[in-house]
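Residue-level listing of the chains:
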Amino acid sequence: MLKALHTQFRDYELIDSGNFEKLERFGRFITRRPEPQAIWQRSLAEEEWKRLADASFLRDAKSDERGEWRTRPSMPSRWTVAYDYKRMHLKMRLGLTSFKHVGIFPEQAENWNFIYDRVEELAALKHRNPRVLNLFAYTGGATLAARAAGADVTHVDSVKQVVTWSRENMESSGLEGVRWMVEDALRFVKRELRRGNRYDGIILDPPAYGRGPEGEKWVLESHIGEMLSACAELLEREGAFLVLNLYSMGLSAMLARTAVRQAFGVPLKEQAGELYFADRAGKELPLGTYYRFVR
């Protein structure tokens, strides 16, 4: 089933979007960042964007990815936002990075809810802690959702500083017991296969391009098929779940569904579509493609 998902997130708001930028509130602070999919016109005037923004990201003239932030004196280098769902109470530390990211993708909260609910269902069904693998796990929102619901979670990311950031988020959220791995995701999956390990849930959030800690090269279009095939062998057959996110422009939900079905077969239940937020003027900004299933 194709469905666009929009999450209610008290500490996040998309204020305005357009002219390839977005104006967002994270907790008490407002940021201005590039957004390639905001192809329409802004609803607010430039003067209002300047008045509201506590921090504005400026691209480096020599790089499409990197840049620098211009901030007001009152803007901290770090701050915290909260996300609550049922008995899950997450606290995520944010910061201004040279890649325009702030440490959270708030549109993913809808997937956090799905992961939390599915882990609870699996725990009741299997009478044990479900085993969940989070690959390309970034600062750990999905990791914490699974752990808050009672899963034994393995968190894999190739960047040591990001894994440290994730651990801080775990501790701030009053959680413990996550297994942290600083490693290339595909290499880790292949090693788990050799060891005969299995998981009840797998979360995949791959970038378009990336590097492992030992220089391993990741190109989404070239490697996603191999990754999905390997994960299909890792995933338990009964009751297990998969969550896949794709952020590359041009990669559709139908493409994700086709690739997953080829590797895993046709699941019992599946859902795919776009994750989005609407700004105050009602303009709906797509922020990534998702696909998820339950066996």
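Values in this document were obtained by computation on a predicted structure and should not be read as measured data. Residue numbering note: each chain is counted from 1, following its sequence as written. Given that the model is predicted, a residue must reach a pLDDT of at least 70 before its local features are reported, and side-chain atom pairs must reach 80 or more before they are shown or counted; all residues, however, enter totals for whole chains, interfaces and linings. Where side-chain values are given, they derive from all heavy atoms of the structure, hydrogens and water being excluded.

1. Thoughts on the sheet that holds strand β14 (residues 241–246)
In step 1: A pair of strands is labelled paired if DSSP reports no fewer than 2 bridges between them. Under the scheme used here, helices are H or I runs from DSSP no shorter than 4 residues and strands are E runs no shorter than 2 residues, and both carry numbers assigned from the N terminus. With mixed pairing, the 7 strands of this open sheet are ordered in space as β10-β9-β8-β11-β14-β16-β15. The open sheet has two edge strands with one neighbour each: β10 (179–182) and β15 (269–278). Here the strands of the sheet are splayed against their neighbours by 15 degrees on average, with no regard to which way each runs.
In step 2: Pairing of strand β8 (residues 131–135) with strand β11 (residues 201–204), which is carried by 4 bridges, proceeds in the parallel orientation. Each bridged residue has a counterpart across the sheet, and for Leu135 the counterpart in β11 is Leu204. A fitted line through C-alpha atoms represents every axis, and for helices the fit uses only the stretch in contact; the resulting angles, taken between N-to-C directions, go from 0 to 180 degrees.

2. A closer look at the nonpolar core
In step 1: In terms of nonpolar packing, the biggest core is built from 46 residues, with Ile104, Trp112, Ile115 and Phe241 touching the most fellow members.
In step 2: At 7 residues, helix α2 (residues 109–126) tops the list of elements feeding residues into this core.
In step 3: Of all hydrophobic cores here, the second largest spans 34 residues; its members include Phe136, Ala185, Ile202 and Trp218. Think of a nonpolar core as a cluster: buried Ala, Val, Leu, Ile, Met, Phe, Trp, Tyr and Cys residues, connected wherever their side-chain atoms sit within 4.5 Å. Three exposure classes are used, based on accessible area relative to the maximum for each residue type with a 1.4 Å probe and protein chains only: buried under 20%, partly exposed in between, and exposed over 50%.

3. Some points on the side chain of Ser56
In step 1: Assignment of secondary structure puts Ser56 in strand β4 (residues 55–59).
In step 2: Working rule for contacts: check all heavy atoms of both residues, and any pair within 4.5 Å makes them a contact. Not counting chain neighbours up to four residues away, the residues in contact with Ser56 comprise Arg32, Glu68, Trp69 and Arg70.

4. Here's the deal with the packing of aromatic side chains
In step 1: Centre distance within 6.5 Å is the pairing criterion for rings of Phe, Tyr and Trp, where only the six-membered ring of Trp is used; planes under 30 degrees apart are then read as stacked, over 60 as edge-to-face, and the remainder as tilted. In this structure the tally under the stated criterion is 14 aromatic pairs.
In step 2: Consider the rings of Phe9 and Tyr83, whose centres lie 4.8 Å apart with planes at 55 degrees: the pair is tilted. With Phe9 in the segment before β1 (12–18) and Tyr83 in strand β6 (residues 78–85), this pair connects stretches of sequence that are 74 residues apart. Like Phe9, the residue Tyr83 is buried in the burial classification.

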